[in-house]
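Per-entry structural report
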Amino acid sequence: MRTVLRWALGVFMLFAGTSHLRSPDAFLGQVPAWIPMRAPIIWVSGVIEIGLGLAVLLTRGARRRTAGRALAIFLVGVFPGNLYQAIAGTDAFGLDTPVKRWGRLLVQPVLVAAALWSTGAWPGRPERADT
């Protein structure tokens, strides 16, 4: 189950990251208009998502745990953008209703937990040589 979740999360991150690069305008609703250089921020976050997705999928052992922690930190770091989108009511990345925008905020902690658990980086979990 852990491996399936890790692969699903990694593929999701690859999809999200490439979507940032292919259609940056679709993500403008997540970045407040008063922030300068919105498009480059979206591109950089896309590249980071691709890198984290690959790291979660391709690394092993301690590096995989580090990738899981980095992904969890990234997901926490983008939370303010998701919160902004929900409060402002902007449409982005298919989130075009209040239920979808606010619902994603509820999913965010689940994604953080999934990143940690599926990579063996869950706090307090004993180190295993085969992860």
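Okay, so let's go over this structure.

This part covers the pattern of salt bridges. Within the structure shown, the criterion is met by two salt bridges. Note that Asp 91 is salt-bridged to Arg 101, the shortest N-O span being 2.7 Å. With Asp 91 in the loop between α4 (79–88) and α5 (98–118) and Arg 101 in helix α5, this pair connects stretches of sequence that are ten residues apart. One salt bridge in this structure joins Lys 100 and Asp 96, with 3.1 Å as the shortest N-O distance. Since its relative accessible area comes to 39%, Lys 100 is described here as partly exposed.

Phi at Met 37 takes a positive value of approximately 55°, unusual for a residue other than glycine. Among the structural elements, Met 37 can be located in the loop between α1 (2–22) and α2 (38–58). Overall, the relative accessible area of 63% leaves Met 37 in the exposed class.

Moving on, we get to the nonpolar core. Among the nonpolar cores identified, the biggest contains 14 residues, and Leu 9, Leu 71, Ala 72, Leu 75, Val 112, Ala 115 and Leu 116 are the most heavily contacted of them. Broken down by element, this core gets its largest block of residues, five residues, from helix α3 (residues 61–77).

Turning next to the environment of Trp 122. Mapped onto the elements, Trp 122 comes out in the segment after α5. Judged by its relative accessible area of 39%, Trp 122 is partly exposed. In the structure, Trp 122 is positioned 67 residues away from Ala 55 in sequence and 17 Å away in space, judged by C-alpha atoms.

Attention shifts here to the environment of Ala 67. Tracing the sequence through the fold places Ala 67 in helix α3. Residue class for Ala 67 comes out buried when judged on its relative accessible area of 6%. Separated by 21 residues in sequence, Ala 67 and Ala 88 place their C-alpha atoms 32 Å apart.

Below, the discussion takes up the packing of α1 against α5. Viewed as axis vectors pointing N to C, α1 and α5 meet at an angle of 125°, and their least axial separation amounts to 9 Å. With respect to their mutual orientation, α1 and α5 come out oblique. For the element pair α1 and α5, the recorded crossing hand is left-handed. Here α1 contributes Arg 2, Leu 5, Arg 6 and Leu 9 to the contact with α5, which in turn contributes Leu 111, Ala 114, Ala 115, Trp 117 and Ser 118. Partitioned by chemical class, the residues of the contact of α1 with α5 number six nonpolar, one polar and two charged.

Definitions and limits used
Here, residues in each chain are numbered from 1, in the same order as that chain's written sequence. Only residues with pLDDT of at least 70 are given local features in this predicted model, and only at 80 or more are side-chain atom pairs given and counted; all residues enter the totals for whole chains, interfaces and linings. With hydrogens and water set aside, each side-chain value is computed from the structure's full complement of heavy atoms. Salt bridges are defined as contacts in which a side-chain nitrogen from Lys or Arg sits within 4 Å of a carboxyl oxygen from Asp or Glu. In this description a helix means any DSSP run of H or I spanning at least four residues, a strand means any run of E spanning at least two, and both kinds are numbered starting from the N terminus. Exposure classes here rest on a 1.4 Å probe applied to the protein chains alone. A residue is buried below 20% of its type maximum, exposed above 50%, and partly exposed in between. Buried Ala, Val, Leu, Ile, Met, Phe, Trp, Tyr and Cys residues form a nonpolar core when they are joined through side-chain atoms within 4.5 Å. Note on definitions: angles span 0 to 180 degrees between N-to-C directions of axes, and those axes are lines fitted to C-alpha atoms, for helices only across the stretch in contact. Oblique is the label for any angle not under 35 degrees, not over 145, and not in the 65 to 115 range, which are roughly parallel, roughly antiparallel and roughly perpendicular in turn. Each crossing gets its hand from how the near helix is turned against the far one by less than a right angle, where anticlockwise is left-handed and clockwise is right-handed. Note on contacts: a residue pair is in contact if any heavy atoms of the two residues lie within 4.5 Å. Polar here means any residue other than Ala, Val, Leu, Ile, Met, Phe, Trp, Tyr, Cys and Pro, which are nonpolar, and Asp, Glu, Lys and Arg, which are charged; Gly is therefore polar.

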